[in-house]
Amino acid sequence: MLHQMLARMAREFVFERAKSFAGSDFGNFVRHDVSIEAKKHLIFLPYALKVKSSVGAGNWAAVPWLAFFDPLVTESATRGFYVVYLVNAQSEEIVLSMNQGTTEVYNEFGERKGRQVLRRRAIDLAERVPEFAKLFSVEPIDLGSSESLPLGYESGHSFGRTYSAAQIDSYRFYKDLDRMLSAYNALVNRGGTTPTDTMMDEAGTTDITETRKYFLSRRIERTPNIRKTVLKARGAVCEACGMDPKIHFGFDGPLQNTPIDVHHAKPICGLAEGESRRYRIPDDFLVLCPTCHRMIHKQTDASDVDLLRNSIRFEYTIKK
């Protein structure tokens, strides 16, 4: 069971950390067995999340962890926001946390200012999903380390729960995890750490519901793996006006870098906020040039490519 494995991590990490990192059976247990057990828990939940657990990269970490990543936001603990179990091996405690990528913020702002930024954004995260935050503690966490990354994790903590490895209530543990993953899903749907005014400027509306739908759709379109898969399946020619970057502009670069957009054509209004099956690849997408992409969002039905085609009043002229 996952709670028992995390308890083992908390109890044994100090002892195991004194051993060689290379070839560690304990390290393999964390990276492999713990991750698999966490993935099993997701099988019956409606979330398409990546799971990773770590005791360090090349050397023992100060704080081992198990994290859940939404690919629309991040697939790495270095950036974005995510759900994570952080282990305080000194006190033998496990912290379930809505947290943020520390490395990316440190690189931009430096460590001291970066921790201030993380604390401010942590408050923003909690305020964006207040109905979930109130189910957990918003008090600061202690990871038992003065090293750089743990201090960042402490600053990036938004809300969560701390468990003692010696006594974990399994019912509460799994109920908390399910609630935290629901909170994560809601955060992604509502824009995460992006300020509301920024989202409204991009969406071109002051309606918060429409803003969130538009922003989620754009987040889906810009996700690298989604873009690459859609272009490979549907081709890199505008499905409205027929603009072909290779023919009309002489583009000869990698498919991923083609100057053409992927449009999430399934209306976001068709999804309830709590529904996490956000798209099917490639069925729910269109490939459009930037102009057609902008224009289709002006339509009442942003999935009606025939309406867009019928509104086009120009033709391409190739000069030789």
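Scroll up to find the structure.
These numbers come from a predicted model, not from an experiment.

**Q** Teacher, can you tell me more about helix H10 (residues 224–234) here?
**A** An α-helix turns once every 3.6 residues. As a result, residues three or four positions apart point the same way. Here H10 has its buried residues at Ile226, Arg227, Val230 and Leu231. The buried residues of H10 occupy an angular sector of 125° when the element is viewed end-on, so they sit on one face. Facing away from the buried surface of H10 by more than 90 degrees, the exposed residues are Pro224, Lys228 and Lys232. Those residues of H10 that are buried lie in contact with helix H9 (208–222), strand E6 (261–264) and strand E7 (285–288). Downstream of H10 by a residue or two, Gly235 has a phi angle that is positive, lying close to 90°.

**Q** Quick question: what am I supposed to make of the state of the cysteines here?
**A** What we call a disulfide is simply a covalent bond connecting the sulfur atoms of a pair of cysteines. Under the criterion given, the structure shown has zero disulfides. The closest cysteine sulfur to the non-disulfide-bonded Cys238 is located on Cys241, 3.6 Å from its own sulfur. Accessibility expressed as a relative area gives 4% for Cys238, which makes it buried. Its relative accessible area of 18% is what places Cys241 among the buried residues.

**Q** What is the right way to read the sheet that holds strand E2 (residues 65–69) from this model?
**A** For sheets, the rule is that strands pair by backbone hydrogen bonds, running either parallel or antiparallel. On the basis of which strands lie adjacent, the open sheet formed by five strands has the order E1-E2-E3-E4-E5 and antiparallel pairing. Because the sheet does not close on itself, it has two edges, and the strands there are strand E1 (50–54) and strand E5 (160–164). With strand direction ignored, the average angle separating the axes of adjacent strands in the sheet is 15°. Of the pairings in the sheet, the one linking E1 to E2 comprises five bridges and is antiparallel in character. Counted as the bridge partner of Lys50 is Phe69 from E2.

**Q** Is there a simple way to think about the environment of Asp261 in this case?
**A** Its location among the elements puts Asp261 in strand E6. Sequence separation of Asp261 and Gln299 is 38 residues, and the distance between their C-alpha atoms is 17 Å. Setting aside residues no more than four positions away along its own chain, Asp261 makes contact with Arg227, Leu286, Val287, Leu288, Cys289, Pro290 and His293. A distance of 2.9 Å separates polar atoms of two side chains, one belonging to Asp261 and the other to His293.

**Q** Honestly, the side chain of Glu16 in this entry has me stumped. Any pointers?
**A** Relative to the helices and strands, Glu16 resides in helix H1 (residues 2–17). For Glu16, a relative accessible area of 12% puts it in the buried group. The residues touching Glu16, leaving out its near neighbours within four places in the chain, are Phe26 and Trp60.

**Q** Please explain the pattern of salt bridges as it appears in this structure.
**A** Any two side chains of opposite charge can pair, on the condition that their charged atoms come close. This structure, assessed with the given rule, holds 11 salt bridges. Note that Glu104 is salt-bridged to Arg79, the shortest N-O span being 3.7 Å. Residue Glu104 is found in helix H3 (residues 102–109), and its partner Arg79 is found in the loop between E2 and strand E3 (81–88); the two are separated by 25 residues along the sequence. Put simply, Arg161, Arg172 and Asp176 are held in one network by salt bridges that share partners.

**Q** Where do I start with the packing of H3 against helix H4 (residues 111–128) in this structure?
**A** A pair of packed helices is characterised by two quantities: the angle between their axes and the separation of those axes. It is at 8 Å that the axes of H3 and H4 come closest, and there the two elements cross at 125°. Compared by their axis directions, H3 and H4 come out oblique. Crossing angle aside, the handedness with which H3 passes H4 is right-handed. For the pair H3 and H4, contact is made by Thr102, Val105, Tyr106 and Phe109 and by Glu111, Lys113, Gly114, Arg115, Val117, Leu118 and Arg121, respectively. Along the lines of polarity and charge, the residues of the contact of H3 with H4 split into five nonpolar, two polar and four charged.

**Q** Can you help me understand the packing of aromatic side chains in this one?
**A** For any pair of aromatic rings, the description rests on two quantities: the centre-to-centre distance and the angle between the ring planes. Following the criterion strictly, the structure yields 11 aromatic pairs and no others. When the centroid spacing of 6.3 Å and the interplanar angle of 40° are considered together, the rings of Phe13 and Phe26 count as tilted. Linking Phe13 in helix H1 with Phe26 in helix H2 (residues 25–42), this pair joins segments that are 13 residues apart in sequence. Residue Phe13 is classed as buried on the basis of its relative accessible area of 2%.

**Q** Please explain helix H7 (residues 170–190) as it appears in this structure.
**A** Here H7 is 21 residues long and its end C-alpha atoms lie 30 Å apart, about the 30 Å a rise of 1.5 Å per residue gives. Near the N-terminus of H7, the side chain that reaches the backbone nitrogen of Tyr171, with its oxygen 3.0 Å away, is that of Asp169. Positioned one or two residues after H7, Gly191 has a phi angle of 105°, which is positive.

Here is what the cut-offs are and how they apply
- All residue numbers refer to positions counted from 1 along the written sequence of the respective chain.
- Local features in a predicted model are, by the rule used here, given only for residues with pLDDT of at least 70; side-chain atom pairs are given and counted only at 80 or more, and totals for whole chains, interfaces and linings are based on all residues.
- With hydrogens and water excluded, all non-hydrogen atoms of the structure serve as input to the side-chain values.
- The cut-offs for exposure are 20% and 50% of the maximum accessible area for each residue type, with area from a 1.4 Å probe on protein chains only; residues under the lower value are buried, those over the upper are exposed, and the others partly exposed.
- Helix and strand labels come from DSSP, where a helix needs a run of H or I of at least four residues and a strand needs a run of E of at least two; each type is numbered from the N terminus.
- Each C-beta atom gives one direction from the helix axis, and the arc is the one those directions make.
- In this description, contact between two residues means that some pair of their heavy atoms is separated by no more than 4.5 Å.
- In plain terms, two cysteine sulfur atoms within 2.5 Å form what is called a disulfide here.
- Between any two strands, at least two bridges found by DSSP are needed for them to pair.
- Structural elements are reduced to axes, namely lines fitted to C-alpha atoms, with helices fitted over the stretch in contact, and the angle between N-to-C directions of any two is expressed from 0 to 180 degrees.
- Under the rule applied, a polar contact is a pair of N or O atoms within 3.5 Å (in protein, one hydrogen donor and one hydrogen acceptor; residues adjacent in sequence only if both atoms are side-chain atoms).
- We count a salt bridge whenever a side-chain nitrogen from Lys or Arg sits within 4 Å of a carboxyl oxygen from Asp or Glu.
- Should an angle fall under 35 degrees it is called roughly parallel, over 145 degrees roughly antiparallel, and 65 to 115 degrees roughly perpendicular, with every other angle called oblique.
- Handedness of each helix crossing follows the sense of rotation of the near helix against the far helix: counterclockwise by less than a right angle gives left-handed, clockwise gives right-handed.
- Each residue receives one of three labels: charged for Asp, Glu, Lys and Arg, nonpolar for Ala, Val, Leu, Ile, Met, Phe, Trp, Tyr, Cys and Pro, and polar for the others, Gly being one of them.
- Stacked, tilted and edge-to-face pairs are distinguished by plane angle, under 30 degrees for stacked and over 60 for edge-to-face with tilted covering the rest, among Phe, Tyr and Trp rings (Trp via its six-membered ring) whose centres lie within 6.5 Å.
- One less than the number of residues in a helix, times 1.5 Å, gives the span that helix is expected to have.

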